[in-house]
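Next come the chains, spelled out residue by residue.
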Number of protein chains: 2
Amino acid sequence: MESMRAAQLLELPIELRSDRGSSLPSQLAAAVRELIDTGVLAAGDALPSTRAWARQLSISRGTVVTAFEQLGAEGYLEARRGSATRVNPRLAAMHPRPPSPAHVSTPQAAPLGSVSASAPTPARRRPQTAPRAPRVIHDLTPDRPSTEHLVTPAWRAAWRTAAETVPAALPPAGLPALREQIVEHLRRMRGVRRDADAVIVTAGAREGLALLMLALFGTAAAPAIGVESPGYPSLRRVVTRLGARLQQLQVDTSGLLTDRLPQPPETVPDAVIVTPSHQYPLGGSLPADRRRELLEWARRNEVVIIEDDYDSELRYVGQPLPALAALDDPHDGVVVTLGTYSKTVAPEVATGFVIAGDRLRERMLQVRRDLGSPVSAVTQIAFAEYLASGELRRHTARMRRIYRQRRSRVLTRLQGVRGITVFPMDGGLHAVIEVMHDSKQAEAMRTPAAGAGRAQGDASRASRERETGLVRRCTAAGLAVSPLSTYWSSGDDGESRHGIVIGYGHLDDQELDAAMLALARVLIEESV
Amino acid sequence: MESMRAAQLLELPIELRSDRGSSLPSQLAAAVRELIDTGVLAAGDALPSTRAWARQLSISRGTVVTAFEQLGAEGYLEARRGSATRVNPRLAAMHPRPPSPAHVSTPQAAPLGSVSASAPTPARRRPQTAPRAPRVIHDLTPDRPSTEHLVTPAWRAAWRTAAETVPAALPPAGLPALREQIVEHLRRMRGVRRDADAVIVTAGAREGLALLMLALFGTAAAPAIGVESPGYPSLRRVVTRLGARLQQLQVDTSGLLTDRLPQPPETVPDAVIVTPSHQYPLGGSLPADRRRELLEWARRNEVVIIEDDYDSELRYVGQPLPALAALDDPHDGVVVTLGTYSKTVAPEVATGFVIAGDRLRERMLQVRRDLGSPVSAVTQIAFAEYLASGELRRHTARMRRIYRQRRSRVLTRLQGVRGITVFPMDGGLHAVIEVMHDSKQAEAMRTPAAGAGRAQGDASRASRERETGLVRRCTAAGLAVSPLSTYWSSGDDGESRHGIVIGYGHLDDQELDAAMLALARVLIEESV
């Protein structure tokens, strides 16, 4: 059946043109991506061989291989030695899906700004397999903040003032009064000293990243962007949408492994996206020596560091390190910081900012002038008022207390469950629960030495199966959770780890207790 | 001096790489565009010959010619037979500049959504020649709506409700209640019947166009987009920013010349941007037979029609024709309509919408899920409330009455000024004042027959000089206006017409009287 599909696929009209201002591998990758996006190819479908594609399209096999490698890095395809390349079987889970009763939820709920993709949407028109889908009783989709305490007199007053103000033209960087408030907040909370001129108001971190990508690379270049693996899938999707290739960077529980950063003559990426304050999703904070190594490496190799500072203010243990930008030159630096109010206010307010050095900021403003700013003047005035009233600081402090209590509840409820590791939750709104198959497996994971490869492969396969089983049982029990392995951008089983990611910030005490009880039951049942 | 610059230019590090996933002409065009954007090359600078570039960069001359043609179409370069290609001398005027005292303003104020590029911004860091810049006494920058009557009890109430509502996740297409209001408004006012599902809420027409471009072409393709010439510079800049080539389409005073649309084997564009309701800036409304021809041509050639429906509700004479979308198939059509509240509310609210058929809408929603929606939930709730209250219809009706009176004032004040043509102002917020050098010139413009070419060239040169002089005199008199010729996307003198474009919607009666008096004085002085 699959091989029939594969053969039929070659009949599809894929038109490659040498005059298109884009390379043949890019065009082929785009065509296959579209076949997947439109549902012509489904998750798990086998593809024809590179040789068959090359013959059919009258192109070199190298062109097909390059296109497939790109799609592999983007997570669309999965290559396995000795068998056909296929559409990533976990692809459905990697793309945003509504947290509807029909589906286990996926890591779409964002550590970063703008209206959440986790919304209840008409999902893509792909045949949905939802005959026996159980109801979601507890939605543990990661990273949704609690908004129950947001609407206060100060919040209302800020919008009232904004609605009273006759809209007037704003500079493309945004309302000066808002930018002043942003730099004041950054100085106090993130150790970053900048002029208001260094700030561009955005519609959230993703919009800021898109603006930066267009400013840095336009559309003609196909830059390589280094991303943490595991890392935040949502920013990766922005990067690939804008035509960039992903290059994976290794992390451990403290964050980016700076001694594994690619060095010439290896391919050095044009930019890297990093989460130094709170590695996503594993939770570490990048130690000072690695921060310096990262900066030196970036300066030496002319790499732009994109600092994703998504939830640094929601820290429960110790003090957060200052933002990476604090170590950088304000005018001629290599760091661009993406800020967002997605976690401290709500993703749906679609508001954030970018801080960058002079030259990059100018280029971003040129793009802004051409594309227009998407952030309403009313919203900018309301945010300027809200920050000036001091209410955002108070709200964040209040929510930090509440989240800290919820975190304790999670840890208490999961205490004593064997066979899992709950990652240190020093901050944020989610918890990572890793499954380990057994102690031998744990050993193999820890010592990836020569000869251990096979054992590791077996162990990895076993833990993947355990993840699949766990997610299925969660779904059956009415718990919407995210599979941990989907945070790795490659389909390489040897690299990814397995378990689930859960969000706990948005559930009140009673619901959280009930949800953790249900989850603990699934975990215990599952481990016996 | 210029030739020295040209020679030095060849020393600049322009790096072209064959492995970049983008063609060499695209890379060269991007490099030269950047030299211009960053001010290394200034308006009027002569460039080295294509031969010299080819030699220096070890590429074919054809590559250089292709890159230059592209930059010519974008308005960056101007080629003249027999002399060096140079940076478009009118380039400064084509790029957004603040309507500051230092500059004659340019056609940046938008017929279309999102925060206006005409904002008082820190202009690009290019040496500014503003030693004797006179003060702007009357800002006649085109197309700014009047916002003095916007803040009403219903406006305030809409935002109050929005601020009371705890933000919740929205579908990527936008708040369902807002989309319902939008289709209801379109049905009543624009003759377009669609389900709410056909609508995607945007941050204005430019954001909607960017979304559509990414959905249609991604970044790898370099599509050709047909644009009206003259036409709206702001949308053109979105198109070129996203990597597309511009292909010019001829218009007359009724709009697009459908019998001159390119037919195979000519290159047919992938999409066209048209203003059927109110051609920008000349003001015509596309007759029904041309509408049908356009639709048939688009269907035959698989071209997407992007309908820029920017100010159709501000019509003073007769009834507007329904939107082009009204003639199209709701599910399987070729028309995508860009809607905006930029004119009826204010550009600074950065809110608009897109209507598209099923397949295209799905593709746009896929991009939305990846990039996130930039439109705040608070704004969407406020707009849904505002539309539901009926206040937008009332506000539009009130403003139409006010604008109609202002239009009469303009016509009255300019009556009797010789040597100019004021284009029929059937609607909108601007007036086009064309200068004619003399009757012989007018004759030559009307009959572009064989042999008339030389006379036409002379006449065109003369009227261009008159435009330059007129703009200079306006500036000296403290009037900020836009040169008419900058609405043509090519530097081709034979095509463009000359005069000024002025905005009148945003000036109250007293200021408008004073401004028209000053303008009439300049026009009369200038014609003697």
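Read on for an overview of the structure. (Residues numbered from 1 in each chain as written. Chains lettered and ligands numbered in written order. Predicted model: local features only at pLDDT ≥ 70, side-chain atom pairs only at ≥ 80, totals over all residues. Heavy atoms only, no water.)

Residue and element names in this part refer to chain A. Per the counting criterion, the structure on display carries 40 salt bridges over all chains. Salt-bridge contacts for R409 lead to D509; the nearest nitrogen and oxygen are separated by 3.5 Å. With a gap of 100 residues between them, R409 in helix α13 (residues 391–414) and D509 in helix α16 (residues 509–527) connect regions that are remote in the sequence. Assessed through its relative accessible area of 26%, R409 is described here as partly exposed. (Salt bridge = Lys/Arg side-chain N within 4 Å of Asp/Glu carboxyl O. Helix = DSSP H or I, 4+ residues; strand = E, 2+ residues; numbered from the N terminus. Buried < 20%, exposed > 50% of the residue type's maximum accessible area, 1.4 Å probe, protein only.)

A pair of packed helices can be characterised by two numbers: the angle between their axes and the separation between those axes. All names here are of chain B. Where helix α8 (residues 205–217) contacts helix α9 (residues 233–241), the axes come no closer than 10 Å and their chain directions differ by 30°. The pairing of α8 with α9 is recorded here as roughly parallel in orientation. Crossing handedness for the pair α8 and α9: right-handed. Between α8 and α9, the residues in contact are R206, L209, A210 and M213 and S234, L235, V238 and V239, respectively. Here the contact of α8 with α9 is built from residues that sort into six nonpolar, one polar and one charged. (Axes fitted to C-alpha atoms, helices over the stretch in contact; angles between N-to-C directions. Parallel < 35°, antiparallel > 145°, perpendicular 65-115°, else oblique. Left-handed = near helix turned anticlockwise from the far one by under 90°. Contact = heavy atoms within 4.5 Å. Nonpolar A, V, L, I, M, F, W, Y, C, P; charged D, E, K, R; others polar.)

A cis amide bond links S229 of chain A with the next residue in sequence, P230 of chain A, at an omega value of 10°. For P230 of chain A, the location among the structural elements is in the loop between β5 (224–229) and α9 (233–241).

Turning to the pairing of strand β9 (residues 304–308) of chain A, a few remarks are in order. Residue and element names in this part refer to chain A. Counting buried residues along β9, five of its five residues qualify, which places the element largely inside the surrounding structure. Both faces of β9 are covered, namely the face carrying V304, I306 and D308 and the face carrying I305 and E307. Pairing of strand β8 (residues 271–274) with β9, which is carried by four bridges, proceeds in the parallel orientation. Residue pairing for β9: I273 is matched across the bridge by I306. Handedness of the crossover joining β8 and β9 through helix α10 (residues 288–301) is recorded here as right-handed. (Pairing = 2+ DSSP bridges. Right-handed = clockwise from strand over helix to strand, strands pointing away.)

A few words on the sheet that holds strand β16 (residues 499–503) of chain B. Residues and elements named next belong to chain B. Taking strand neighbours across the sheet as the criterion, the four strands line up as β12-β13-β16-β15 in an open arrangement whose pairing is antiparallel. Every other strand in the sheet has two partners, leaving β12 (420–422) and β15 (482–483) as the edge strands with one partner each. Pairing of β15 with β16 involves two bridges; the strand directions are antiparallel. Pairing of P483 across the sheet is with I500, part of β16.

Our next topic: helix α6 (residues 153–164) of chain B. One turn of the α-helix equals 3.6 residues, which is why residues spaced by three or four share an orientation. Between the first and last C-alpha of α6 of chain B there are 16 Å, a value that for 12 residues agrees with the 16 Å anticipated at 1.5 Å per step. Listed as buried for α6 of chain B are A154, W155, A158, W159, A162 and A163 of chain B. Buried-residue contacts for α6 of chain B involve α6 (153–164) and α12 (377–388) of chain A together with α12 (377–388) and α13 (391–414) of chain B. (Expected span 1.5 Å × (residues − 1).)

All names here are of chain B. Inspection of the entire model under this criterion finds 17 aromatic pairs over all chains. Where W155 meets W159, the ring centres are 5.8 Å apart and the plane angle is 65°; that geometry is what we call edge-to-face. Here the residue W155 and the residue W159 both occupy positions in helix α6, the gap between them amounting to four residues, near one helical turn. When its relative accessible area of 1% is taken as the criterion, W155 is described as buried. (Phe/Tyr/Trp six-rings, centres within 6.5 Å; stacked < 30°, edge-to-face > 60°.)

What follows covers the sheet that holds strand β7 (residues 255–256) of chain A. In sheet architecture, strand pairing relies on hydrogen bonds along the backbone and comes in two forms, parallel and antiparallel. All names here are of chain A. Read across the sheet, eight strands follow the order β4-β11-β10-β9-β8-β5-β6-β7 without closing on themselves; strand pairing throughout is mixed. If you trace the sheet from one side to the other, it starts and ends with β4 (199–202) and β7, each paired once. Where β5 and strand β6 (residues 245–252) come together, six bridges link them in parallel fashion. When the sheet's bridge partners are listed, A224 is paired in β6 with R245. Its contacts with the sheet put helix α11 (residues 358–371) on β4, β9, β10 (335–340) and β11 (352–355), and the angle it makes with β4 is roughly 35°.

Here we take up the packing of α6 of chain A against α6 of chain B. Where α6 of chain A meets α6 of chain B, the axes come as close as 9 Å, and the angle between the chain directions of the two elements is 155°. What the angle tells us is that α6 of chain A and α6 of chain B run roughly antiparallel. For α6 of chain A against α6 of chain B, the interelement crossing comes out right-handed. Residues W155, R156, W159, A163 and E164 of chain A of α6 of chain A pack against W155, R156, W159, A163 and E164 of chain B of α6 of chain B.

Quick look at the environment of E348 of chain B now. Residue and element names in this part refer to chain B. By the element assignment, E348 lies in the loop between β10 (335–340) and β11 (352–355). Residue class for E348 comes out buried when judged on its relative accessible area of 6%. Sequence separation between E348 and A203 is 145 residues; the distance between their C-alpha atoms is 9.9 Å.

Now for a negative patch on the surface. All names here are of chain A. Together, D259, D289, E293 and E296 make up a region of like negative charge exposed at the surface. Position of E296 relative to the elements: it lies in helix α10. The class for E296 is partly exposed, based on a relative accessible area of 46%. (Patch = residues over 30% accessible without salt bridge, like charges linked within 9 Å, V, L, I, M, F, W, Y side chains within 5 Å. Areas by Shrake-Rupley, 256 points an atom, 1.4 Å probe, with all protein chains shown as cover. Lys, Arg positive; Asp, Glu negative; His and termini not counted. Charge placed at Lys NZ, Arg CZ, Asp CG, Glu CD.)

Now for the side chain of R190 of chain A. All names here are of chain A. Its location among the elements puts R190 in helix α7 (residues 176–190). By relative accessible area, R190 is classed as buried at 2%. A polar contact of 2.8 Å, which involves the side chain of R190, links it to the side chain of D309. Contacts of R190, omitting those with residues within four sequence positions, involve H185, S277, D309, S312, E313, P320, L321, P322, A323 and A326. (Polar contact = N/O pair within 3.5 Å; in protein donor to acceptor, adjacent residues only side chain to side chain.)

Let's shift gears to the pairing of strand β16 (residues 499–503) of chain A. All names here are of chain A. When you tally the buried positions in β16, you get five out of five residues, the bulk of the element. Where strand β13 (residues 430–435) and β16 come together, five bridges link them in antiparallel fashion. Bridge pairing in β16 places A431 opposite I502.

So, about the environment of H506 of chain A. Residues and elements named next belong to chain A. On the secondary structure map, H506 appears in the loop between β16 and α16. Residue classification places H506 among the buried residues on the basis of a relative accessible area of 16%. For the pair H506 and T253, spaced 253 residues apart in the sequence, the C-alpha separation amounts to 25 Å. The contact partners of H506, leaving out residues within four places of it in the chain, are D139, L140, T141, R144, P145, S146 and R406.

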